[in-house]
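# Geometric and topological summary
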Amino acid sequence: MNRNERTGFGLLAICAGFLVLLVVALVGYVVSGGWSVLSFGFLTEVPRNGMREGGIWPPIFGTIVLMLITAVSATPLGVGCAIYLVEYAREGWLVRLIRLSIRNLSGVPSVVYGLFGVGLFVNGLGFGPSLLASGLTLGLLTLPWTITASEEALRRVPRSYRDGALALGATPWEAISKNVIPAALPGMLTGIILGLARAAGETAPILFTGVTFSRPDIPHSVFDTYMALPYHLYILSTQHQDIVTVRPVAFATATVLLGIVLVINGTAAVVRSRLRAAQVG
Amino acid sequence: MKIQSKKLEVWYGNKQALHAVDLAMQEHTITALIGPSGCGKSTYLRCLNRMNDTIEGVVVKGGLLLDGYDVYEPGVDVVALRRRVGMVFQKANPFPKSIFDNVAFGLRLGPRIPKTELDGRVEQALTRAALWEEVRDRLTGSALGLSGGQQQRLCIARALAVEPEVLLMDEPTSALDPIATAKIEELLHGLADRYTIVIVTHNMQQAARVSDQTAFFFMGQLIEVAPTDDLFTHPTVKKTEEYITGRFG
């Protein structure tokens, strides 16, 4: 390599290195801030003494249930939409309209989703401020993400898998359901799970739709209000009457939120490699 | 006649790909379709199982009879047609599943078959495709782990498993090495006892080696069709002679 090449690649390596450094610094900063209060009990106990002591079990529980509702509501709709767009729809004004809608949905600020969630789920459908209303709102938020990821995964499946199945006497739906979707599944799941991880950290859409400042227990049904990690973090950092004292609790909460997101992302990676390995063998 | 086309025309939008092709094939014979790229031979082949239907804007005119019934008649069940007319593609396309599941794919589309019968039919198809001995101990392994030649024989087995009457092959050896090619050609001779085979090939030696009848296509027209030995030794049309002697193509 000549000198210019070396300098060029060196600069690129610095860019890449900076990224790693950023992640390490961010995680290190958050974890070190919360280290003093992190313990097993922090994960399983309810907040005590005005959130200064105890744990954060209710917000952890709330966030997990929220993710489940989001996944259950967004996945079938998103995957169905992607299958329609890739496998059935013919180019025309309808498809252009659908694509335009998806693009615009993904550009809508999350706080607007929150307002819409109030209108549709909290008031419109009468769910009230609740886990269900928030989960469905987050489901809408992740929908464009789910559709796009599923679409890309479906498009990557070689045409020969479809044609091969059709040539064996499969109906179009059999070719898709038995051959194309299984092949696209790893990519679809990865995209869906990453969308969920993003939703897990959202505050604005749940703000108006059911998350609550504090409650002493976990919700009893999906129509109950709940606590969630991102909002809890927001409360501890800006709304608490004793912000300085609860700062380590805030950092520890952030650590748990980061942990959940990393676990979700890790799950995505494992699921993907397992499914790929099962196919390639 | 097993297969007979009468003035068969194919249009892609307003571009005509096939011009009034009359061609007949007897049961349990091998017909080779030869000609330069873009001559319409693959288009003709893909009419026989209506795989052309998957391309947008295709119009087929004229008649194409299978056992005397027109496959393009309105109301024909395309799915049922494709179970009678199997197809092997140019590039081996094993599905990302186990060897067993690949061969069983077509069988599992129909009514449920008991496990023992399924096992038997998978073995039979693999045996007919001369692959059984090589894969019998790794049926649950991924089909993607097979060599290129094995993958193509797997695709043949998969097509044979549903017991078609006709087997279409679209340049099945063009991506294979000479040894794998020889194996498949050898296989074809045996298969002609049971199936009516139509093979598209770029390789004239291959056409000469495997087929009973050869049809030469050029620019969307069927130029000449004759028993293979006759076509290669005494072509009656000048264009055919020029092509088989390698003056163009």
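So, here's what we can say about the structure. (Residues numbered from 1 in each chain as written. Chains lettered and ligands numbered in written order. Predicted model: local features only at pLDDT ≥ 70, side-chain atom pairs only at ≥ 80, totals over all residues. Heavy atoms only, no water.)

### Digging into the interface of chain A and chain B
Basically, it comes down to this: In this analysis, two residues are considered to be in contact whenever any of their non-hydrogen atoms come within 4.5 Å of each other. Once two parts are put together, the accessible area they lose, assessed with a 1.4 Å probe and summed over both, is termed the buried area. What qualifies as a polar contact is a pair of N or O atoms within 3.5 Å, subject to a donor-acceptor requirement within protein and to the restriction that residues adjacent in sequence count only when both atoms come from side chains. Starting at the N terminus, helices and strands are each numbered in turn, a helix being any DSSP run of H or I of at least four residues and a strand any DSSP run of E of at least two. Each residue receives one of three labels: charged for Asp, Glu, Lys and Arg, nonpolar for Ala, Val, Leu, Ile, Met, Phe, Trp, Tyr, Cys and Pro, and polar for the others, Gly being one of them.
Tallying the contact residues gives 21 residues for chain A and 26 residues for chain B. Of the roughly 1900 Å² buried between chain A and chain B, counting both surfaces, carbon and sulfur atoms make up 62%. Here chain A is connected to chain B by four residue pairs in polar contact (both at pLDDT 80 or more). Contributions of two or more residues to the side of chain A that touches chain B are made by α7 (159-167), α8 (172-200) and α11 (243-280) of chain A. Examining the composition of the side of chain A that touches chain B, we find that eight residues originate from one element, α7(A), more than from any other. Taken together, the residues of the side of chain A that touches chain B sort by class into nine nonpolar, seven polar and five charged.

### Here's the deal with the pairing of strand β3 (residues 30-34) of chain B
Each regular strand carries side chains that alternate between the two faces of the sheet. All names here are of chain B. The condition is simple: Categorising residues by exposure relies on relative accessible area from a 1.4 Å probe, with only protein chains included: less than 20% of the type maximum marks a residue as buried, more than 50% marks it as exposed, and the intermediate range marks it as partly exposed. Only strands that DSSP links by at least two bridges are regarded as paired with each other.
For β3, the tally of buried residues reaches five of five residues, placing the bulk of the element in the interior. The alternating pattern of β3 places Ile30, Ala32 and Ile34 on one face and Thr31 and Leu33 on the opposite face, and all of these are buried. Relative to strand β8 (residues 196-200), β3 is paired through four bridges, and the arrangement is parallel. Residue pairing in the sheet places Ala32 in a bridge with Ile199 of β8.

### Some remarks on the packing of helix α3 (residues 57-88) of chain A against helix α10 (residues 229-239) of chain A
Residue and element names in this part refer to chain A. Put simply, the test is: Angles run from 0 to 180 degrees between N-to-C directions of axes, and those axes are lines fitted to C-alpha atoms, restricted for helices to the stretch in contact. The scheme is simple: roughly parallel for angles under 35 degrees, roughly antiparallel for over 145, roughly perpendicular for 65 to 115, oblique for anything else.
It is at 8 Å that the axes of α3 and α10 come closest, and there the two elements cross at 140°. The orientation of α3 with respect to α10, classified from their angle, is oblique. On the side of α3, the interface is formed by Pro59, Ile60 and Thr63, while α10 contributes Leu229, Pro230 and His232. Across the contact of α3 with α10, the residue classes break down as four nonpolar, two polar and no charged.

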